[in-house]
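# Breakdown of the fold
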Amino acid sequence: MISGIHVALKNAIDVIAPPATPLQDFTYHWKQLMNFYINHLNDCKVPIQSTSIPKHLDRLLEILLEEEKDGNDPGPCLEYLLQHKLLDLLASLATAETPPGMRVVCLSFLRKLLGRSKYPLLHHTSIYSPIQRLIVLCNGNSPSPIETEEIQFLLTLCFLVCKYPHVTNIINDVPMLQKASSSNRSSSERLEVEKVTYVPNRKKNNSNPLFEPLNTQAIALVNPNLLNPENNRRKSLCSNISCIKIDVPSNSSTRSNASTSSKDTENISQSSSPLTQNVYCNSTLTMNLPDDTQNNQNITDKLCDELDNPVAEIETCLQSMKDSRLTEGCNACDKTNNPMENNCGRSLLIPSRIPAKSKCLLLEALMSYVNSADNTVRVRACEGIMVLASLEDTTFAEMVAQSDLPSIITSRLENLFNAIPAHVDPNEIDVVDVTWGLDSPLWTKEKKFPGCRQVAAFYMWFDYCNQLIREASTDVADVLAKHVRINFFEKIVTPALADHQVILVTALITKCLKELASSTLCTEVSYWLVGHNRHPEIPNVCTSPVLYRLINNCYTDSDELTVETLKLFEEVIDKRNEHTLHCLALMYLTSRGYYDNTAADSAITSWSDEEDEREREKKSTLDLSYEQSHSRTLAPSNIHRIVNCFLSLVPRYLQTDPDINSYERCMVVLEKQYSTVLRDCFLMAWPLEAVTHDDSASSDSRPEADHGATRFYMGPFLTMLFDKVCNMSKQRYEINLQLTVVISRLTLLPHPYLHEFLLNPLLPLVPGTKSLFTCLQKVVKQLVNEIPKTAESKQKLKETRERLLDDCIHDVEKENTLLETVVVTEEFCKGLAAIAYVKYHHSM
């Protein structure tokens, strides 16, 4: 019964006083919000937490979002917000920080509204104009307690632009090009525009280019006490406002609040961007007010006299006192019609220079947070930059490529690289495992080794550069990668390779190569390593300074430097970049100058030539169904002879492993490695067979070629490797082990000429030409001559093998270079035999 009475009472109340509609509720909370400024004209320093502004803004947001749930079309509250440009006033209040903390509240309100709304609101004139103003306020160059809120606001805009790519021009500062002259304009095409704005409490940071006044800007600074009802304050308004009369085309005076196409977006941004069109001038200049200023004064008087309906009058005031947007057309105005010259006694000097390119306001704001002390803010800024760089809009990508982003990215990479302490142990570099996100706290907060935080910071940023180039559009990726190569690798790393910290630098670069994931950046790094030239070099002629510096480092007396440089070459080969491999070795072998064509037929046991005649006969027929299914170079018929050559190279009495077929144990690992290599090299235009090119046509002009006058040159890289192999009996175990790893990586490549030159012991060579097998024969000959001179050599060989294969800590007293070389050579020959057989098996 009580429930029935309650329902009846409620229905009666609803009849007498029906509940407020959403629009009425919306306007009520907006009026309550504005009442604060009416009641606190003389005292606006009250903290915003002590006011009801946040509560009213939250309620406004709730009404707007609830309205969207009721239908698919925009409701009256949203239309009211757009039509009356309420966000313009909020942006002005956020700029002025009135009351203190208003900026945070406004940023939060707009972020939630734009992020949660199901409508694409960003392209509306009354939305993107205040958004542009708020973007400019977000400046990370100077420390701020509200960096988190600012970066969240910017990141929301980034994802909105990614969701609606047609609004990219809205976040730009697009310069307006005025083609018409003032002499051709009639008086009806001229209008006076004024703006109500608050003087920000936050001082302009001259170091931030976003806050530097543009050459074509002027702004009328209005007294913050504009709404003071006292007559003396109203009278002082006329002496404080600096109104400027400007000329703009008549077609820019009317703008619709409706949605615009992507082609119209640039024009709309030109007429509404406050950063582009507001120009600073001296607000203390005394001048006569234009006619519309008197109308504005009347509106202000009316507002102060009718406080019972303040919101409507404030809106009228905002509508009357339009945005003061000076265009470059001010330069074309006739001097006789210039109010600055007539009323002030001097003309406003605005240079006629027009910016050639526009800027992306959102990108500029995000880049200011790249060096933030807050790691979370910095990561969020990097996320936003990556989103903008990945947009496929051609015009926008060109703008990003021409921005300061490449120099900022490279500059931070350089600073973090130079901040790495010189005392860092190079052996600790490889264990650093970090990414650019927030998932590497152990390396940034705990000390794994001295200098680990600086090393981790560098690799986190290098990982970001790597991922940014990988995700960016093609135009942006190319520019970023080229900047990294020129301004970091060439400018910073190349000189460091000849410095006294070269071991540490080499280890750092090796780790960088290992972490490379972007093909674009990998290509640029390959240009840094081996240059652009793809033709064989002349012996002793340096055309790639970095490559020759690295090769010379392998010839130094420093064993540590030699090992680190060989590790770098291992990573270079493992990247399997076609240009790098071509310049390192392949371009010297494709001529097959190592092959002796004058050898007797009985001595020719080449894998590829033994069935050349049969293949010519098959190809000469018209059987189109014939197709070679495998490479005879990689899968020869005499594979067992090849394997036995390597396995029998070390004499029996020097072998430390009694199982002669133990090479089969490593085939499982080699099978997986070779499958990966085949997949990576699948798209490379490598030949299928190693064949001798017929150069008889050129023999008349080059008779010395027929007599072998031109010696084969294998290139500086292979020359260095073969020299190190020949010197194995005099080198430390670490160098020999790393050397065999590098050569094994080369032999795994499915290139027929490289495969034939390195893995064919039966190949007829031009006299005076070294091969891998002949170098190993030289090493074994030295060991055969020296090992018998060692007492109890058989037992010591066994002990040395156990010590090396068990990865025991080396005892200096027990180290013996000759004995260690025997073990390394034996295992190396088994590895080469296994690689030859694995490649044979895959090529059948």
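Look up: the structure comes first, before these words.
The present account deals with the structure reproduced in this document. Note that the structure is predicted; figures quoted are calculated from it, not measured. Numbering of residues starts from 1 in every chain and runs along the sequence as written. Only residues with pLDDT of at least 70 are given local features in this predicted model, and only at 80 or more are side-chain atom pairs given and counted; all residues enter the totals for whole chains, interfaces and linings. For the side-chain quantities, the full set of heavy atoms in the structure was used; hydrogens and water were omitted.

### Concerning the overall build of the chain
As a reminder of what qualifies: Each helix is a run of DSSP H or I of at least 4 residues and each strand a run of E of at least 2, with the numbering of both proceeding from the N terminus. Burial classification: accessible surface area is computed with a 1.4 Å probe over protein chains only, and a residue below 20% of its type maximum counts as buried, one above 50% as exposed, and the rest as partly exposed. Note on contacts: a residue pair qualifies if any of its non-hydrogen atoms lie within 4.5 Å across the two residues. Only the protein chains shown count as cover for residues, with accessible areas throughout obtained via the Shrake-Rupley method and a probe of 1.4 Å.
In terms of regular secondary structure, the chain is built from 36 helices and 4 strands. In the chain, which comprises 844 residues, the share counted as buried stands at 52%. Contacts in the chain between residues far apart in sequence, at least 24 positions, make up 80% of those at least 6 positions apart. As displayed, the chain offers around 39,900 Å² of accessible surface, 51% of which is attributable to carbon and sulfur atoms.

### What about the pattern of salt bridges?
Condition: When a carboxyl oxygen of Asp or Glu is within 4 Å of a side-chain nitrogen of Lys or Arg, the pair counts as a salt bridge.
Enumeration over the complete set of coordinates arrives at 23 salt bridges. A salt bridge links Glu62 to Arg59, with the nearest nitrogen and oxygen atoms 3.1 Å apart. A residue pair is termed a helical-turn pair when its members lie 3 or 4 positions apart in one helix, as Glu62 and Arg59 do in helix H3 (residues 53–69) at 3 residues. The partly exposed category is assigned to Glu62, whose relative accessible area is 40%. Where Glu827 meets Lys830, a salt bridge forms, and the shortest distance between an N and an O atom there is 3.9 Å. One end of the pair is Glu827 and the other is Lys830, both in helix H36 (residues 817–843) and 3 residues apart, which spans about a single turn. Glu827 gets classed as partly exposed once you look at its relative accessible area, which sits at 29%. On the accessibility criterion, Lys830 (8% relative accessible area) is buried.

### A look at the packing of helix H5 (residues 86–96) against helix H6 (residues 102–116)
The test is simple: Between N-to-C directions, angles cover 0 to 180 degrees, with each direction set by a line fitted to C-alpha atoms, over the stretch in contact for helices. For any helix crossing, the convention is left-handed if the near helix is rotated counterclockwise from the far helix by under a right angle, and right-handed if that rotation is clockwise. Ten residue types, Ala, Val, Leu, Ile, Met, Phe, Trp, Tyr, Cys and Pro, are classed as nonpolar, four, Asp, Glu, Lys and Arg, as charged, and the remainder, Gly among them, as polar.
Axis separation between H5 and H6 bottoms out at 7 Å; the angle between their running directions is 145°. Crossing geometry of H5 relative to H6 is assigned as left-handed. Contacts between H5 and H6 involve Leu87, Leu90, Leu93, Ala94 and Thr95 from the first element and Met102, Arg103, Cys106, Phe109 and Leu110 from the second. A class-by-class count of the residues in the contact of H5 with H6 yields 8 nonpolar, 1 polar and 1 charged.

### So, the environment of Leu647
Within the secondary structure, Leu647 sits in helix H28 (residues 639–647). By relative accessible area, which is 13% here, Leu647 ends up buried. Considered as a pair, Leu647 and Leu832 are 185 residues apart in the sequence and their alpha carbons are 8.9 Å apart.

### Remarks on the nonpolar core
Here is a general trend for soluble globular proteins: nonpolar side chains tend to be buried in one another's company. Defined as follows: Within this scheme, the nonpolar core is defined by two criteria: the residues are buried Ala, Val, Leu, Ile, Met, Phe, Trp, Tyr or Cys, and they are joined through side-chain atoms within 4.5 Å.
Phe109, Phe153, Leu154, Leu362, Leu388 and Leu721 are the most contacted members of the largest nonpolar core, which totals 219 residues. Of all the elements, H36 adds the most residues to this core, at 14 residues. In contact with Phe109, other than residues within four places in its own chain, are Leu57, Leu60, Leu61, Leu64, Leu87 and Leu90.

### A look at a negative patch on the surface
Under the convention used in this document: Only residues whose relative accessible area exceeds 30% and that form no salt bridge are eligible for patches; like-charged ones are grouped when within 9 Å, while nonpolar side chains (Val, Leu, Ile, Met, Phe, Trp, Tyr) are grouped when within 5 Å. Charge counting treats Lys and Arg as positive and Asp and Glu as negative, with His and both chain ends excluded. All charge positions are set by atom: Lys at NZ, Arg at CZ, Asp at CG, Glu at CD.
Together, Glu792, Glu799, Glu802 and Asp806 line one region of the surface with negative charge. Residue placement: Glu792 occurs in the loop between helix H34 (772–786) and helix H35 (793–805). Looking at Glu792, the relative accessible area reads 62%, which means it is exposed.

### Regarding the packing of aromatic side chains
Centre-to-centre distance and the angle between the planes together describe a pair of aromatic rings. Heads up, the condition is: Two rings belonging to Phe, Tyr or Trp (six-membered ring only in the last case) form a pair when the distance between their centres is within 6.5 Å. Interplanar angles under 30 degrees mark stacking, angles over 60 mark edge-to-face geometry, and anything in between is tilted.
On inspection of all chains with the given rule, the structure shows 19 aromatic pairs. With 5.0 Å between their ring centres and 35° between their planes, Trp461 and Tyr464 make a pair best called tilted. Highlighted residues: Trp461 and Tyr464, both in helix H20 (residues 452–471), separated by 3 residues, approximately one helical turn. Each member of the pair, Trp461 together with Tyr464, is buried. Residues Phe488 and Phe489 carry aromatic rings whose centres are separated by 5.0 Å and whose planes lie at 75° to one another, so their mutual orientation is edge-to-face. Its relative accessible area of 0% is what places Phe488 among the buried residues.

### Quick look at the environment of Asn816
What counts is decided by this rule: The definition of a polar contact used here is a pair of N or O atoms within 3.5 Å, where within protein one atom must be able to donate a hydrogen and the other to accept one, and adjacent residues in sequence count solely through side-chain atom pairs.
Among the structural elements, Asn816 can be located in the loop between H35 and H36. Asn816 gets classed as partly exposed once you look at its relative accessible area, which sits at 25%. Taking C-alpha positions, Asn816 is 8.9 Å from Arg732, a pair spaced 84 residues apart along the chain. Only 3.1 Å separates the side chain of Asn816 from the backbone nitrogen of Leu818, close enough to count as a polar contact.

### Describing unusual backbone geometry
At the junction of Thr98 and Pro99, the peptide bond is cis and its omega measures out at -10° in the coordinates. Along the chain, Pro99 falls in the loop between H5 and H6. Residues other than glycine seldom take positive phi values, yet Arg576 does so here, at roughly 50°. In this fold, Arg576 is placed in the loop between helix H25 (559–575) and helix H26 (578–589). Positive phi, normally seen in glycine, also occurs at Glu792, with a value near 50°.

### Observations concerning the side chain of Glu537
You can see Glu537 is positioned in the loop between helix H23 (519–530) and helix H24 (545–553). In this structure, Glu537 is buried with no salt-bridge partner, the nearest side chain bearing the opposite charge being Arg534 at 12 Å. Within the structure, Glu537 has its side chain in polar contact with the side chain of Tyr548 (distance 3.0 Å).

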